[in-house]
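Examination of the molecular architecture
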Amino acid sequence: MKTLLILVTLAAIAVAGLMVGQRLQQRRALAEAAAERAHLEAARAAAQAKAEAAAPASEDADDDDDDEAAYRDVMAKRALTDNCLVCHEEGMFTGQRLTAAQWKSEIDKMLGWGAVLPEADRRPVEEYLTRHFGEATPVPPPGRAHLADVPTHEIPGDPAEGSAGADLASGGKLYLVVCASCHGPAALGTELGPALVDRAVLTHGEDYHKVVREGRRKMPAMNSLLTADQQRDILGWLRGLDRDAAGEVASK
Amino acid sequence: MASDLEHRPDRFASDRRGFLAGLGGGLIGLGGLGRGAWGLARADEASDGADRRMIVRTERPLNLESPSAALDSFLTPNDAFFVRSHHGAPAVGLRPWEVVVEGLVDRPLKLSLAELGAMEPTTVPAVLQCAGNGRGLFRPRMPGLVWERGAVGHAEWSGVRLAALLEKAGVKPEAAHLHFIGGDVPPTTKAPPFIRSIPLARAQADDVLIALKMNGEPLPVLHGGPARLVVPGWGGNAWIKWVRRIVVSAEEAQTFYMQTGYRIPREPVPPGQTPDPKSLVPVEWMNVKSLITSPDLGATAPLGPIEVRGVAWTGEGHVVKVEVSTVEDPTWREAELLDEPRQGSWRRFKIAWTPPAAGSYTLQARATDSKSQVQPEVPPWNKSGYLWNGYDRVPCVVSRA
């Protein structure tokens, strides 16, 4: 009887979580679509202005081609930023020099690993990558830094900082309602959000709080939805989440 | 624009704007996404003028290459050692680290770091080299991190012999492979976890360790701490970082990083060709290779005798000879070898070179090992860019004295 109650409660939380997640995504998608429209308009206007400035008298076909290419570049870069920086930085692809066929199969590989790329963006992204990071593109000298100056967040920080006094039970419930639809019930990641369990970000309280408060790309800002204490409760719960145990729950 | 780049100090910020600014501005910075100018050289640079700053391949996940000038010693300092991570370091420190040994064993083990530390320690000097070191030098190119010369280093690794752990657990007769489960978390459940296996016979050799220390310091997390596998003579793909679980099994691991990644054709294939997957074997022993560590790439030296120094290593066996010449005058001369010949370890070499006149030269080195492998001018191409071991070449300028 008791287990039934718990199950019912959990199910209710999960449904609510899915709804909140979906609503967040919808709101986010709408805002993004609006931003994208404005952005593309601006790009088109800028391209036109540039073309007019460069060739005030003649409507040169070459210029039209240039504008068209520039416009496609803007779209492709936007798709790359939205979809390809969830799991790694852009250096992972801007450092490569590949043929069209190699780029195509890289994208297939990424989609197989949980990346998403809207069908309409696929061709423009492949063409963009081949045009700018093709075999013949010169390779600029790489960045150089002493280890101590590399702004990496992989060296673990203080695993207790930023979660003192967290209410773990509340954190767990909130996580399932607000975060699980994207990051997965066991925080092992889905196509909508990366894994969080046992990831280095959990040992950098400041990084965690900043992303959760302000959002980042497709990660929605949570400040209007969750209080600072609630964000802390979730961090406390995530820190205690045992990946093996969590994985087992998820696979059942 | 909110991004993961904003934590970086200002001097790192500017050069990445090419990409992000290009998004906002629409038309600027096309193709110019490189990061050429990472601030000026620091005042603490060595007096020889060589730039010893790490080469940053990617920051997230962190992949750093050592410049050859930083490899000019018997042991590579921990903070100059290359870093390779597939999924980024795990959150070490959230709970006590344990190493589990299970599967085909009589007595499954779960050992704390203190328990591992209390076992008899062994120290082994060994070269760690990424299987993809030199990928950036193959033509035609292939996808993957574009390592050039410095995804390699030499350290003293200390820890517990894997054989001792296996004895403690009691391996069943049908066991043939050990699967190692690393602590790094793939970004989604669709991305493959970093799990690979090594054959039991190699695992039981005396030099294979679960290392807890590197050059006398606790093993840094960036290098797989608190516990990583050390397999001297084998490519870095076998040196699993952040070891949490060892599963003794009858079979090779059936994982992406074992069955698809880190495989190489048994017989060379023509450049550009993808062979039948069945003809591929896992990357295991490294091949013979040398690296010139001084002069630095593009260095200028006054006319007169110049000391050429470097390091050389191999997989099975040890290096017996290193020869040096120039592309302009390819008459090989044998260099003096330092350090003990020892499997898995590297040996330094040096030779005085007196250029005939001022001008531009390209120095080149090639090593030979105790199994008579000779470093080739260009190694056979393979589709993943593993095990590059072509002659090491360093252009330099000799000025009028």
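Notes on the structure in this doc start here. Keep in mind that what you see is a predicted model, and the values were worked out from it rather than measured.

Scanning chain A for helices and strands turns up 9 helices and 1 strand. Shown N-terminal to C-terminal, the secondary structure of chain A runs as helices and strands in the order α-α-α-α-α-β-α-α-α-α. A fraction of 69% describes how many contacts in chain A between residues 6 or more apart in sequence connect residues 24 or more apart. Within the structure as shown, chain A displays about 13,000 Å² of accessible surface, and the carbon and sulfur contribution to it stands at 61%.

Turning our attention to the packing of helix H4 (residues 100–112) of chain A against helix H5 (residues 119–132) of chain A. Residues and elements named next belong to chain A. Remark: H4 packs on H5, axes separated minimally by 9 Å, with the N-to-C direction vectors making an angle of 130°. It follows that H4 is oblique to H5 by the angle criterion. The element H4 and its partner H5 pack so that their crossing is right-handed. Together, Ala 100, Trp 103, Lys 104, Ile 107, Asp 108 and Leu 111 of H4 and Arg 122, Val 125, Glu 126, Leu 129 and Thr 130 of H5 make up the contact between the two elements. Along the lines of polarity and charge, the residues of the contact of H4 with H5 split into 6 nonpolar, 1 polar and 4 charged.

All names here are of chain A. Examined against the element boundaries, His 183 turns out to sit in helix H6 (residues 168–183). On the accessibility criterion, His 183 (10% relative accessible area) is buried. Once you skip the residues sitting within four places of it in the chain, His 183 turns out to touch Tyr 175, Leu 188, Gly 189, Thr 190, Gly 193, Pro 194, Leu 196 and Met 219.

Let us look at the packing of aromatic side chains. What characterises a pair of aromatic rings is the spacing of the ring centres plus the angle enclosed by the ring planes. Taken as a whole, this structure holds 16 aromatic pairs over all chains when the rule is applied. A ring pair is formed by Phe81(B) and Trp157(B), whose centres lie 5.9 Å apart and whose planes are at 85°; its orientation type is edge-to-face. With Phe81(B) in the loop between strand S2 (63–65) and strand S3 (83–84) and Trp157(B) in strand S7 (residues 152–161), this residue pair connects regions lying 76 residues apart in the sequence. With a relative accessible area of 0%, Trp157(B) lands in the buried category. Pairing Trp332(B) with Tyr391(B) gives two aromatic rings, centres 5.1 Å apart and planes at 85°, and the pair type is edge-to-face. With Trp332(B) in the loop between strand S19 (319–326) and strand S20 (333–334) and Tyr391(B) in the loop between strand S23 (359–369) and strand S24 (392–399), the pair connects residues that are 59 residues apart, well separated along the chain. When its relative accessible area of 22% is taken as the criterion, Trp332(B) is described as partly exposed. Members of the aromatic cluster, joined through ring pairs, are Trp113(A), Phe194(B), Phe256(B), Tyr257(B), Tyr262(B) and Tyr386(B).

Take empty space enclosed by the protein next. All names here are of chain B. Summed over the entire model, instances satisfying the criterion amount to 4 cavities of 30 Å³ or more. Within this model, the largest cavity holds a volume of roughly 230 Å³. Looking at the largest cavity, it is lined by 20 residues, and the ones nearest its centre are Arg 84, Arg 228, Gly 236, Trp 239 and Lys 241. In the lining of the largest cavity, the residues fall into 10 nonpolar, 6 polar and 4 charged.

Residue and element names in this part refer to chain B. Most of strand S16 (residues 289–294) is tucked away: 6 of the 6 residues are buried. In this sheet, strand S18 (residues 306–313) lies alongside S16 in antiparallel orientation, the contact comprising 5 bridges. By the bridge assignment, Leu 291 is partnered in S18 with Val 311.

Attention now goes to the packing of H6(A) against helix H8 (residues 228–240) of chain A. A pair of packed helices can be characterised by two numbers: the angle between their axes and the separation between those axes. Residues and elements named next belong to chain A. Put simply, H6 and H8 touch, their axes get as near as 7 Å, and they point 100° apart. Comparing their axes, H8 and H6 come out roughly perpendicular. Contacts from Leu 168, Ser 170, Gly 171, Gly 172, Leu 174, Tyr 175 and Cys 179 in H6 reach Gln 230, Asp 233, Ile 234, Gly 236, Trp 237 and Leu 238 in H8. For the contact of H6 with H8, a count of residues per class yields 7 nonpolar, 5 polar and 1 charged.

Pairing in this open sheet of 4 strands is antiparallel, and the strands run S1(A)-S1(B)-S2(B)-S3(B) from one edge to the other. Of all the strands in the sheet, the pair left with one neighbour each is strand S1 (143–145) of chain A together with S3 of chain B.

Residue and element names in this part refer to chain A. Over its 16 residues, H6 runs only 18 Å from end to end, short of the ideal 22 Å by more than 12%, given 1.5 Å per residue. Within H6, the axis deviates most sharply at Val 177, by approximately 50°. The set of residues buried in H6 consists of Gly 171, Gly 172, Leu 174, Tyr 175, Val 177, Val 178, Cys 179, Ala 180, Ser 181, Cys 182 and His 183. Two or three places before Ala 169, at the start of H6, stands the capping residue Asp 167, its side-chain oxygen 3.2 Å from that residue's backbone nitrogen.

With that settled, the discussion passes to the environment of Gly390(B). Residue and element names in this part refer to chain B. The residue Gly 390 is located in the loop between S23 and S24 in this model. For Gly 390 and Glu 377, which are 13 residues apart along the polypeptide, the C-alpha to C-alpha distance reads 4.7 Å. Setting aside residues up to four positions removed in sequence, Gly 390 forms contacts with Gln 375, Pro 376, Glu 377, Val 378 and Pro 379.

Turning to the pattern of salt bridges, a few remarks are in order. Residues and elements named next belong to chain A. What the rule picks out here adds up to 29 salt bridges over all chains. The partner of Glu 214 in a salt bridge is Arg 213, with the nearest N and O atoms 3.5 Å apart. Glu 214 sits in the partly exposed class, given a relative accessible area of 43%. Here Arg 232 makes a salt bridge to Asp 233, at a shortest N to O gap of 3.0 Å. With respect to burial, Arg 232 and Asp 233 carry one shared label: buried. A single salt-bridge network, built from bridges that share partners, covers Arg 72, Arg 123 and Glu 127.

Rules used throughout
- All residue numbers refer to positions counted from 1 along the written sequence of the respective chain.
- Whichever chain is written first is A, and whichever ligand is written first is 1; the rest continue in order.
- Only residues with pLDDT of 70 or above have their local features reported here, since the model is predicted, and side-chain atom pairs are shown and tallied only from 80 upward, although totals for entire chains, interfaces and linings are computed over all residues.
- As a rule here, side-chain values come from all non-hydrogen atoms in the structure, and water together with hydrogens is ignored.
- Every helix listed is a DSSP run of H or I at least four residues long, and every strand listed is a run of E at least two residues long, numbered separately from the N terminus.
- Every residue pair with non-hydrogen atoms within 4.5 Å of one another is taken to be in contact.
- Every accessible area reported is derived by Shrake-Rupley at a probe size of 1.4 Å, with residue values counting cover from the shown protein chains alone.
- Lines fitted to C-alpha atoms define the axes, with helix axes restricted to the stretch in contact, and inter-axis angles between N-to-C directions lie between 0 and 180 degrees.
- Here is the rule for angles: anything less than 35 degrees is roughly parallel, anything more than 145 is roughly antiparallel, 65 through 115 is roughly perpendicular, and the remaining ranges are oblique.
- By convention the crossing between two helices is left-handed if the near helix lies anticlockwise of the far one by an angle smaller than a right angle, and right-handed if it lies clockwise.
- As a working rule, the residues Ala, Val, Leu, Ile, Met, Phe, Trp, Tyr, Cys and Pro are called nonpolar, Asp, Glu, Lys and Arg charged, and the rest polar, with Gly in that last group.
- Using a 1.4 Å probe on the protein chains alone, a residue whose accessible area is under 20% of its type maximum counts as buried, one over 50% counts as exposed, and one in between counts as partly exposed.
- Aromatic rings from Phe, Tyr and Trp, taking only the six-membered ring of Trp, are treated as a pair when their centres fall within 6.5 Å; an angle between ring planes under 30 degrees marks them as stacked, one over 60 as edge-to-face, and anything in between as tilted.
- The way it works is a 1 Å grid over only the protein atoms, where trapped points that fit a 1.4 Å probe form a cavity and open points with protein on both sides within 12 Å along at least five of seven lines form a pocket, and then any residue with an atom within 4 Å of a point lines it.
- Grid points are joined across faces, edges and corners, and a volume is the space filled by probe spheres set on the points.
- Whether two strands pair depends on DSSP finding at least two bridges between them.
- Helices are assigned an expected span. That span is 1.5 Å times one less than the residue count.
- In this analysis the local bend is the angle between axes fitted, respectively, to the seven residues ending at and the seven residues starting at the residue.
- For this analysis, a polar contact is any N or O atom pair within 3.5 Å, provided that within protein one partner can donate a hydrogen and the other can accept it, and provided that sequence-adjacent residues contribute only side-chain to side-chain pairs.
- For this document, the term salt bridge refers to a Lys or Arg side-chain nitrogen within 4 Å of an Asp or Glu carboxyl oxygen.

Geometric values such as these leave the question of function open.
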